[in-house]
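Geometric and topological summary
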Amino acid sequence: MNKGKKNTELTAEEIKKYLSGEASAKQMHQVEKQLLNEAFAADAAEGLEKLSAEKINTSAAMNDLKKRLDARIKTKQKQTKIIPLWQRASVAASIALFFGIGLYFIFYKTDNQTLAVNKTQETLSKTTAETLHEETKKEVIAINQPKPTKAKETVSASPQNSNEQENASTISAQEPQKLVLQSNEESKADEVLKPAAPISSAKEIAEPKAAKAPVILTSRERTPTFSGQILDTENQPIVGAIVSLKNSNKTAQTDINGVFKINDVSVGEVLEVNAIGYNPQEIVVKNQDLGKIKLSENSSALAEVIVTDNQSKAKKAEQKTILINEPPTQDPVPVGGWSNYDTYLRNSLKSTGAVSTLHFEDPLRLRLTVEPDGTPSNVQIDNELGKENTQKVVEAVKNGPKWFPAKRKGKKVKKEVKRELKMK
Amino acid sequence: MFFKRFSKPKPTTDAEYLAAYQATGNLELLGELYERYMEMVFAVCFKYLRDEDESKDAVMQIFEELVVKLRTHSVENFRSWLHSVARNHCLMHLRSNRLQTEGVDFFEDGSVENEPFEHQSDEPFELEQNLSKMTDCLETLSDEQRTSIRLFYLEEKCYKEITDLTGYDLNKVKSYIQNGKRNLKICIEKKHE
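Remember, it's a predicted structure, so these values are computed and weren't measured experimentally.

What about the overall build of chain B?
Looking only at helices and strands, chain B features 11 helices and zero strands. For chain B, the succession of helices and strands along the chain, N to C, is α-α-α-α-α-α-α-α-α-α-α. Residues classed as buried in chain B amount to 45% of the 193 residues present. Nonlocal contacts in chain B, meaning residues at least 24 apart in sequence, comprise 53% of its contacts between residues at least 6 apart. Accessible surface, chain B: about 10,500 Å² in total, of which carbon and sulfur atoms supply 49%.

Structure representation (structure tokens):
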């Protein structure tokens, strides 16, 4: 059937060659046979014959047609290019994923990140301590040359101490105002003159528990670990509070008992204590035991805590402490927090139909006074709801949660609260 | 589209081109395929339309038909299908223009509807293989047809040679062979029944 197959493949070129009479008799016979077998070729042959009879240049016509075809393919291709659904979906999904991961890191990874920073910080300080160690050793020996025996004592008693001395002196140069102690140059003289100082710190290392009693440090050396406990106003430990050395990135975090430990801090430096839901506090390092540090609750941060942090059990416990404990801040806060209060009010107003006349985009503008005993009084609505409905709102507020009253200088005082509540 | 272009080898046969176009809708593929037959289509159009520019336009319009039809139609023999499409397009064009071109009388005999599908068979009628058995049928042909058929199919002469040998007119030889072939086919098909 090869011949049969070949019949279907007669091209315009072959036909043209046949028509021109350049083909041999045998070739002509082949073409004729194919023309008989295929109507397409026969029709085309007729057309080509007529074209050549009218002396029309087919190759010029073909060039023109090829250009038109190309142009047609390119223009329409752009217009009708269909992006398959899965491609659009995948683009949308990847954008969503991107934002999702971003939000995840912003809201949930904060703790881990600080932890990670802590760790790298620790390792960094260790390595620098080791490298510095050798140099300082020599230096101390060199300085103490006039009294070689004392120098040896210093070095052997606490090589780490001598290293820390160096650290302290550099830091002290940076923040002279924070230091109780003298400047860098003086200190070196100090060391030479008062070799007793390192010995005292060596004692501290030997009996760290004995150091609980206030030890007055006469030189600027650092003791290895400072510790303290972070508590709230109810003496409950604050878990996960971050203690950081001011103007550096050295940080520590409190454990489940609210206890933190921080290394390589010198007396006179300032520590910052931050905890979610509490006002930040600064403390000046006085001795190794930093004692109990109390943080006051930050009412404005409460809502945020409730919304974002419900991850760990520890956090939940923290939330409860926050909500149960009375915030000592200036403005009145509803017991249970604002968002719970809003929800209560919204639900009770909706169920009584008090806000049925309110346009759903308008917030309910509420004013009330919180008495020192925590009861709301003088409830007023700035919206025009009608007498009956206004009364319903007033009752809902009065029967609602109690309030932590406003405080001024620690005293409970009466204060007016304004609140705009969206009903949506 | 980008990946498909790389994951699949470039089509070579008509069927591969058709499958690839049907799968992707890529006009470049269809364009490549169409270019193979464009001159033939042009010639066919010229045969009917007798005008160069009109034929060119027809070539482009036929391409538009393919763009739509080949997305959904499965075509087994593209060549003969394309011929049908081209032919029908030209005949419809002529009909809509109410043009009476010289020597074309297909409107009267209803060829527009019937003829396009006349040559659809994939296997052309193989006269040579049947000829020896068909002596009976050969006898039914006229002398001119029989002579021309014998010379053409058995002695493999071309039209020109047959003209020289027999003294018949070239166009007459053509029609003798065409008609003789058709008559033989009908005769053989009758005998098979």
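Right, picking up where we left off after that structure.
Observations regarding the side chain of B:Ser148
All names here are of chain B. Considering the arrangement of structural elements, one finds Ser 148 in helix H9 (residues 143-154). There is a polar contact of 2.9 Å between the side chain of Ser 148 and the backbone oxygen of Glu 144. Ignoring sequence-local partners within four residues, the contact set of Ser 148 consists of Ile 162, Tyr 168, Tyr 176 and Ile 177.

Considering unusual backbone geometry
Even without a glycine there, the phi angle at A:Asn378 is positive, about 50°. In this fold, A:Asn378 is placed in strand S10 (residues 376-381). With a phi close to 55°, B:Glu156 is a non-glycine residue in the positive phi region. In this fold, B:Glu156 is placed in the loop between H9 and helix H10 (159-166).

Looking at the state of the cysteines
Residue and element names in this part refer to chain B. Applying the stated criterion across every chain yields a total of one disulfide over all chains. Two residues share a disulfide in this structure: Cys 137 and Cys 187, whose sulfurs sit 1.9 Å from each other. Across the disulfide from Cys 137 to Cys 187, rotation about the S-S bond amounts to roughly -80°, and the bridge is consequently left-handed. Of this pair, Cys 137 sits in helix H8 (residues 135-140) while Cys 187 is found in helix H11 (residues 170-192), placing the two residues 50 residues apart along the sequence. Judged by relative accessible area, Cys 187 falls into the buried class, the value being 15%. Between Cys 90, a cysteine without a disulfide, and Cys 45, which holds the nearest cysteine sulfur, the sulfur-to-sulfur distance is 3.2 Å.

Remarks on the pattern of salt bridges
Counted under the stated rule, the structure contains 19 salt bridges over all chains. Across the salt bridge formed by B:Glu52 and B:Lys56, the nearest N and O atoms sit 3.7 Å from each other. Taken as a pair, B:Glu52 and B:Lys56 lie in helix H4 (residues 52-72) at a separation of four residues, close to a single helical turn. Given a relative accessible area of 25%, B:Glu52 falls into the partly exposed group. A salt bridge links B:Arg146 to B:Asp143, with the nearest nitrogen and oxygen atoms 2.5 Å apart. With B:Arg146 and B:Asp143 both in helix H9, this residue pair falls three residues apart, about one helical turn. One network of salt bridges, with partners in common, ties together A:Asp43, A:Glu46, A:Lys50, B:Lys47 and B:Arg87.

Topic: the packing of aromatic side chains
Taken as a whole, this structure holds 12 aromatic pairs over all chains when the rule is applied. Arranged with centres 6.0 Å apart and planes meeting at 80°, the rings of A:Tyr104 and A:Phe105 form a pair that is edge-to-face. Take A:Phe105: its relative accessible area is 40%, and that puts it in the partly exposed class. Ring geometry for B:Tyr34 against B:Phe63: centres 5.3 Å apart, planes inclined by 40°, an arrangement best described as tilted. With B:Tyr34 in helix H3 (residues 27-49) and B:Phe63 in helix H4, this residue pair connects regions lying 29 residues apart in the sequence. Classification of B:Tyr34 as buried rests on a relative accessible area of 0%. The buried category is assigned to B:Phe63, whose relative accessible area is 0%. Among the aromatic side chains, those forming a connected cluster through ring pairs are A:Trp338, A:Tyr341, A:Tyr344 and A:Trp403.

A few points about the interface of chain A and chain B
It is common to give the size of an interface as the accessible area lost on bringing the parts into contact. Taken together, the contact pairs 49 residues of chain A with 48 residues of chain B. Here chain A meets chain B over a buried area of about 4,400 Å², counting both sides, of which 64% is carbon and sulfur. When the buried surface of chain A facing chain B is broken down by residue, A:Leu36, A:Phe40 and A:Leu69 rank first, second and third, together holding 16% of it. The tally of links from chain A across to chain B stands at eight salt bridges. Of the charged contacts, one joins B:Glu39 and A:Lys16 as a salt bridge, the two residues approaching to 2.5 Å between their closest N and O atoms. Along the contact surface separating chain A from chain B lie 18 residue pairs in polar contact (both at pLDDT 80 or more). Broken down by secondary-structure element, the contributors of at least two residues to the side of chain A that touches chain B are helix H1 (2-7), helix H2 (12-20), helix H3 (25-37), helix H4 (39-53) and helix H5 (58-80) of chain A. Here the element with the most residues in the side of chain A that touches chain B is H5(A); it accounts for 13 residues. Of the residues that constitute the side of chain A that touches chain B, the class distribution is 20 nonpolar, nine polar and 20 charged.

Definitions and limits used
- Residues numbered from 1 in each chain as written.
- Chains lettered and ligands numbered in written order.
- Predicted model: local features only at pLDDT ≥ 70, side-chain atom pairs only at ≥ 80, totals over all residues.
- Heavy atoms only, no water.
- Helix = DSSP H or I, 4+ residues; strand = E, 2+ residues; numbered from the N terminus.
- Buried < 20%, exposed > 50% of the residue type's maximum accessible area, 1.4 Å probe, protein only.
- Contact = heavy atoms within 4.5 Å.
- Areas by Shrake-Rupley, 256 points an atom, 1.4 Å probe, with all protein chains shown as cover.
- Polar contact = N/O pair within 3.5 Å; in protein donor to acceptor, adjacent residues only side chain to side chain.
- Disulfide = S-S within 2.5 Å.
- Salt bridge = Lys/Arg side-chain N within 4 Å of Asp/Glu carboxyl O.
- Phe/Tyr/Trp six-rings, centres within 6.5 Å; stacked < 30°, edge-to-face > 60°.
- Buried area = accessible area lost by both parts, 1.4 Å probe.
- Nonpolar A, V, L, I, M, F, W, Y, C, P; charged D, E, K, R; others polar.

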